[in-house]
There are 2 protein chains.
Amino acid sequence: MDLSAEEVRRVCTTALLRAGVPDAYARLQVDLLLEAELRGRPSHGVLRLARIVERIRNQVTNPSTTGEHIWEGQALLAVDGQAGLGPVVACAALDAIEERARSTGIAIAAISNNNHLGMMAWYAERTASRGSTLLALSTSEALVHAWGGRRAMVGTNPIAIGVPAVPRPFVIDMATSLVSMGQIHDHARRDEAIPPSWALDRDGNPTSDPHAARDGAIAPFGEAKGYALGLAFEILVASLTASAIGRDVRGTLDATEICNKGDVFIVIHASASGAMARGIGAYLDAIRADIPADGFRSVAIPGDRSRSVREARLRDGVPVTDAVWTEIVALAEA
Amino acid sequence: MDLSAEEVRRVCTTALLRAGVPDAYARLQVDLLLEAELRGRPSHGVLRLARIVERIRNQVTNPSTTGEHIWEGQALLAVDGQAGLGPVVACAALDAIEERARSTGIAIAAISNNNHLGMMAWYAERTASRGSTLLALSTSEALVHAWGGRRAMVGTNPIAIGVPAVPRPFVIDMATSLVSMGQIHDHARRDEAIPPSWALDRDGNPTSDPHAARDGAIAPFGEAKGYALGLAFEILVASLTASAIGRDVRGTLDATEICNKGDVFIVIHASASGAMARGIGAYLDAIRADIPADGFRSVAIPGDRSRSVREARLRDGVPVTDAVWTEIVALAEA
């Protein structure tokens, strides 16, 4: 069914309020879920709401905290998320390091004990629209196999980057897995075969069966190089945040375990960036003006397509599956 | 021919001394070139020496400078490389931000007007073996086409990451192009076809002809995601360093133009990293212990293979093509 963004926002917010989430934090959490739906990223959208509520009920999420901040040196903020809502803890940390970076030039938040951040592009745009650059990393449960391996050993480990530019921030947000587990689940629901390059089964053999892939491991994107990158992000985040690593990570896919992954935000406030913003916009336009290769309608800049989807969905409504919506409505009326 | 590392070092250093490079800087520059040869990365090795000398003679490289440092805030070092030797300017910048990060927690060097850094893994290992984490980026001439495009618009834009770990630092160093232009040149020299996925010709069509590819554009690694990443690095570096962007970049492949690309080094000194170093080593061993997929002898961690190559070459000598060696010997006797 297609619902207006306002309706989705209203019902989801009510569900969180009923679960005991403070008003402002409920609205922020819904901002993240709704923005993902608007941009066509359902795996980070409202299908996560039920689990968020369940985790609060199971006391593995504390919806009232913004986390504890300890400065190690002037520019490194160690954050104990205290099992707070991902976006709530993240925004409190980002606000602190954005302010600090205005004097130090760069600042980092190393966050442990925090819940799922949601779609990281949201944070990258927010920081970049305020004139600073953001580099964000987060880890997840081990879902990705090593290149040349069989077993899930690495998280889907996304990276988001936001850079000030005219007329809008330049943002990328991408997992280092080839596809998301959400895409595999989606194929399983529709009993539709997956390409054998996407995933391995539980014995570590390539499979076209999405049901078998769900118990196996997803391929890294970009083969050996992408594997190296996802692994580096796993290690970098664990090292800086003293969070769990590899197969020890829990809490972004279940409703019962404390979330022990890590998040790293690096904000850079360089005087050069203001002067460069216009030139970056011109460069991106030059790329868009390139003649497309066979099979492509145009050359896209990251973010172009999700921006179109967003405009369309603000106008025409957001598609939400009946099962997910029924569940959310029930939570709002609980 | 195979030469001992000592012989390569001796003759290359002499060549640089004869070109007017101060003694310590000549040794540092050769460190970078030799380390690339030892690890089987010839594109960043001694074949670059002749151009380095030519650039000094053409006065587009000043071998005597370590660059000019201006602190913007306590943790952001803006460096004007003053056309110095890549490694010389880079090490002066790294030393400064590594020291600063010990008190601020994180520090960044944004470097413009610097020459080619060489193999970035060298810097990542150096910083990580000293107990800090390094994230390094650098741009290059536009050699890579957009995913879905035809024209070279993006640099090969490598990323290097180094994290303290036991028994040795964890390091990745990878370009965001699918292959290097060096690999394409190498196939051209041997008149050997390249896979059509590697590159486009000058009209932007896939080609198996390495000669045609040399005038065209290399594919990004990892298709749309890798393109997004390489593009993000292009923009991030240009934004922070106020350096040239896209097709305006010069100076890493020619002998006559000032090098106007940018380099960014981020050093992080987090108390958590010391405690995590052992656990990271154990995690990497767990990945190595995974059963390899069909067609793989073992599961490798980034750096494992180049370490083996290095041990072998220290023992058996470094292969250098006759043409390159003849040129270097001539420069040493000039």
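Residues numbered from 1 in each chain as written. Chains lettered and ligands numbered in written order. Predicted model: local features only at pLDDT ≥ 70, side-chain atom pairs only at ≥ 80, totals over all residues. Heavy atoms only, no water.

Here's the deal with the confidence of the model for chain A
This is how the line gets drawn: Confidence of the predictor at the level of single residues is given by pLDDT, which spans 0 to 100.
Taken over all residues, the pLDDT of chain A has a mean of 97, while the share at 70 or more is 100%. Among the scores for the predicted complex, ipTM is 0.98 and pTM is 0.98.

What to know about the interface of chain A and chain B
When the parts of a complex come together, some accessible area is lost, and that lost area is often taken as the interface size. Rules: Note on contacts: a residue pair is in contact if any heavy atoms of the two residues lie within 4.5 Å. What counts as buried area is the accessible surface, traced by a 1.4 Å probe, that two parts surrender upon association, with contributions from both included. The rule for a salt bridge is simple: a side-chain nitrogen of Lys or Arg has to be within 4 Å of a carboxyl oxygen of Asp or Glu. Polar contacts, as used here, are pairs of N or O atoms within 3.5 Å; protein pairs need one atom able to donate a hydrogen and one able to accept it. Residues neighboring in sequence count only if both atoms are side-chain atoms. We call Asp, Glu, Lys and Arg charged. Ala, Val, Leu, Ile, Met, Phe, Trp, Tyr, Cys and Pro are nonpolar, and the rest, Gly among them, are polar.
Counting residues at the interface gives 74 residues for chain A, matched by 74 residues for chain B. A buried area of about 6100 Å², summed over both sides, lies between chain A and chain B, and 72% of it is on carbon and sulfur atoms. Counting the surface chain A buries against chain B, the share from its top three residues, Arg150(A), Lys225(A) and Tyr283(A), is 11%. Across the chain A-chain B interface, the total number found is two salt bridges. Among the ionic pairs, Arg150(B) bridges to Asp294(A), the shortest N-O distance being 3.1 Å. Taken together, the connections running from chain A to chain B amount to 26 residue pairs in polar contact (both at pLDDT 80 or more). Taken together, the residues of the side of chain A that touches chain B break down into 49 nonpolar, 18 polar and seven charged.

Brief notes about the state of the cysteines
Test applied: When the sulfur atoms of two cysteines come within 2.5 Å, that pair is taken as a disulfide.
Under the definition given, this model contains zero disulfides over all chains. Cys91(A) supplies the cysteine sulfur nearest to Cys259(A), a cysteine that is in no disulfide, at a spacing of 16 Å.

Regarding the pattern of salt bridges
All names here are of chain A. Worth spelling out the cut-off: Here's how the labels work: a residue is buried when its accessible area is under 20% of the maximum for its type, exposed when over 50%, partly exposed in between, all with a 1.4 Å probe on protein chains only.
With the rule as written, the count across this model stands at 42 salt bridges over all chains. For arginine 39, the salt bridge is made with glutamate 35, and the minimal N-O distance between the two is 3.0 Å. Note on glutamate 35: relative accessible area 9%, which makes it buried. Between aspartate 316 and arginine 315 there is a salt bridge, with the nearest N and O atoms lying 3.3 Å from each other.

Here's the deal with the relation of the copies chain A and chain B
To keep it simple, the criterion reads: A least-squares superposition brings the copies together, and it is based on the C-alpha atoms of residues with pLDDT no lower than 70 in both.
Expressed as a screw operation, the relation of chain A to chain B combines 0.0 Å of axial shift with a rotation of 180°, fitting to an RMSD of 0.0 Å. This pairing of chains is accounted for by a two-fold axis. Residue Gly222(A) of chain A places its C-alpha closer to the rotation axis than any other residue of that unit, at 1.9 Å. A high fraction, 100%, of the interface residues of chain A reappear at the interface in chain B, so the copies pair face to face through one surface.

Considerations on the pairing of strand β8 (residues 159-163) of chain B
All names here are of chain B. Rules: Comment: elements are numbered from the N terminus, with helices defined as DSSP H or I runs of at least four residues and strands as E runs of at least two. For two strands to pair, DSSP has to find at least two bridges joining them.
Most of β8 sits inside the fold, with five of its five residues counted as buried. Burial along β8 is two-sided: the face carrying Ile159, Ile161 and Val163 and the face carrying Ala160 and Gly162 are both buried. Here strand β5 (residues 133-138) pairs with β8 via four bridges, running antiparallel. By the bridge assignment for β8, alanine 136 is matched with alanine 160. In this structure, β8 lies alongside strand β9 (residues 170-174), joined through five bridges in antiparallel fashion.

As for the sheet that holds β8(B)
All names here are of chain B. Using the following cut-off: Axis definition: a line fit to C-alpha positions, over the contact stretch in the case of helices; interaxial angles, taken between N-to-C directions, run 0 to 180 degrees.
Reading across the sheet, the seven strands line up as β2-β3-β4-β12-β5-β8-β9 and stay open at both edges, with mixed pairing between neighbours. Each having just a single partner strand, β2 (68-71) and β9 make up the two edges of the open sheet. Averaged over neighbouring strand pairs, the angle between their axes works out to 10° when direction is ignored. Direction of pairing for strand β4 (residues 106-114) relative to strand β12 (residues 262-268): antiparallel, over a ladder of seven bridges. Across the sheet, residue serine 112 finds its bridge partner in β12, namely glycine 262. Those strands touched by helix α5 (residues 121-129) are β5, β8, β9 and β12, and its axis lies near 20° from that of β8. In the packing of helix α8 (residues 223-241) onto the sheet, the strands contacted are β4, β5, β8 and β12, and the crossing angle to β12 comes to about 90°.

Some remarks on unusual backbone geometry
The linkage connecting Val166(A) with the following residue, Pro167(A), adopts the cis geometry, with an omega of 5°. By secondary structure assignment, the location of Pro167(A) is in the loop between β8 (159-163) and β9 (170-174). Positive phi, close to 60°, is recorded for Gln59(B), a residue that is not glycine. Residue classification places Gln59(B) among the exposed residues on the basis of a relative accessible area of 70%. In this structure, Asn113(B) takes a positive phi of about 60° despite not being glycine. Tracing the backbone shows Asn113(B) in strand β4. For Asn113(B), a relative accessible area of 24% gives the class partly exposed.

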